[in-house]
Amino acid sequence: RKSVLQLDMRNTKKALIIPAFETLRYRLSFPKSKAELLSMLDMGTLFTFRYHVWTKGHAPTNFAKWRTATTPYRVEWEADFEPYVVVRRNCPEYDRRFVGFGWNKVAHIMELDAQEYEFTVLPNAYMIHMPHAPSFDITKFRSNKQYRICLKTLKEEFQQDMSRRYGFTALKYLTAENNS
């Protein structure tokens, strides 16, 4: 809450990034401080979010920098970036095409970047993802070729819409997609 006020969220286009971590344990004593979280990272009780399956999704957060950061720092958009963010109420909504599993956060962050939101990592905030059974939709994504084809089609349609809305500036999204 303090960061929202200090960073003038009401009058600026900022997306505050909450660094995400995960545990493979079903029971965890939530760290009460950043120092405690760092200790748990070093002991292997916690990991950076999806480090073992989807590193690209949170890599731009720059966890190495976060470890020692004492003030908010800016990061740049990269392909497949899907951090957890705090934004103003009047920010772009999630694209309704992406329901179930796949590309909902990626598309939202891409839209925020296209609208020139500044991505600012909070140095003392964090969240921890707890393990749970796979959702119905991720199971379908993994097992059903048609689901993956549909998602690919929706991604291409979204990118074409981005090109129409944002013109030249949206080219970086198409280029990044082709290189990833």
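Residues numbered from 1 in each chain as written. Predicted model: local features only at pLDDT ≥ 70, side-chain atom pairs only at ≥ 80, totals over all residues. Heavy atoms only, no water.

You'll find the protein entered in an unreviewed UniProt entry as LARG1 glucuronyltransferase, with Engystomops pustulosus given as the organism. What UniProt states about the protein under its Subcellular location (unreviewed entry) heading is, verbatim, "Membrane". (UniProt positions renumbered as here; feature names shortened; annotations may be inferred.)

J.: Break down the overall build of the protein for me, citing the residues and quoting the values.
T.: A tally of helices and strands in the protein yields 7 helices and 7 strands. The linear arrangement of helices and strands in the protein, starting from the amino end, is α-β-β-α-β-α-β-β-α-β-β-α-α-α. For a compact globule of 180 residues, the expected C-alpha radius of gyration is about 16 Å, and the protein comes in at 17 Å, within 12% of that figure. The principal-axis extent of the C-alpha atoms belonging to the protein is close to 45 × 45 × 30 Å. Residues classed as buried in the protein amount to 42% of the 180 residues present. By sequence separation, contacts in the protein at least 24 residues apart represent 74% of the contacts at least 6 residues apart. (Helix = DSSP H or I, 4+ residues; strand = E, 2+ residues; numbered from the N terminus. Rg over C-alpha atoms; globule rule 2.2 N^0.38 Å. Buried < 20%, exposed > 50% of the residue type's maximum accessible area, 1.4 Å probe, protein only. Contact = heavy atoms within 4.5 Å.)

J.: So what's going on with the environment of Glu116? Residues and values would help.
T.: Along the polypeptide, Glu116 turns up in the loop between α4 (104–114) and β6 (118–121). For Glu116, a relative accessible area of 67% corresponds to the exposed category.

J.: Let's hear about the layout of surface pockets: which residues, and what values?
T.: Size it by volume and the largest pocket reaches roughly 1200 Å³. For the largest pocket, the lining is made up of 38 residues, of which Arg50, Glu82, Phe101, Gly102 and Ile138 are closest to its centre. Put simply, the parts of the chain that give the lining of the largest pocket at least two residues each are α4, α5 (136–143), α6 (145–166) and α7 (171–179). Considering every element that reaches the lining of the largest pocket, the biggest residue donor is α6, with 6 residues. Looking at the lining of the largest pocket, its residues break down into 15 nonpolar, 11 polar and 12 charged. (1 Å grid on protein atoms, 1.4 Å probe; cavity = no way out; pocket = protein on both sides within 12 Å on 5 of 7 lines; lining within 4 Å. Points joined across faces, edges and corners; volume = space filled by probe spheres on them. Nonpolar A, V, L, I, M, F, W, Y, C, P; charged D, E, K, R; others polar.)

J.: Give a description of unusual backbone geometry that names residues and reports values.
T.: At Asn62, a position not held by glycine, the phi torsion is positive, near 65°. Within the secondary structure layout, Asn62 lies in the loop between β3 (47–48) and α3 (63–68). For Asn62, a relative accessible area of 33% translates into the label partly exposed. The phi torsion at Trp103 lies on the positive side, around 70°, for a residue other than glycine. Residue placement: Trp103 occurs in the loop between β5 (84–86) and α4. You can call Trp103 buried: its relative accessible area is 8%.

J.: Break down the sheet that holds β6 for me, with residues and values.
T.: Within the open sheet, the 4 strands sit side by side as β4-β6-β1-β5. Their pairing is mixed. Here the strands that pair on one side only, and so sit at the sheet edges, are β4 (73–75) and β5. The average undirected angle you get between the axes of adjacent strands in this sheet is 40°. One ladder, built from 3 bridges, connects strand β1 (residues 14–18) with β5; its direction is antiparallel. Each residue of the ladder has a partner; that of Ile18, found in β5, is Tyr84. (Pairing = 2+ DSSP bridges. Axes fitted to C-alpha atoms, helices over the stretch in contact; angles between N-to-C directions.)

J.: Got a sec to walk through the pairing of β1? Specific residues and values, please.
T.: Consecutive side chains of a regular strand alternate in pointing toward one face of the sheet and then the other. Most of β1 sits out of view: 5 of its 5 residues are buried. Taking every second residue as pointing to the same face, both faces of β1 are buried, with Lys14, Leu16 and Ile18 on one and Ala15 and Ile17 on the other.

J.: How would you explain the nonpolar core if you had to name every residue and give the values?
T.: Phe21, Leu37, Trp66, Trp103, Met110, Phe119 and Met162 are the most contacted members of the largest nonpolar core, which totals 35 residues. Here this core takes 6 residues from α4, the largest share from any one element. Apart from residues lying up to four places away in sequence, Met162 is in contact with Met110, Glu111, Ala114, Gly167, Ala170 and Tyr173. Leu7, Met9, Leu16 and Ile18 belong to the second-largest nonpolar core, a separate cluster that totals 6 residues. (Core = buried A, V, L, I, M, F, W, Y, C linked by side-chain atoms within 4.5 Å.)

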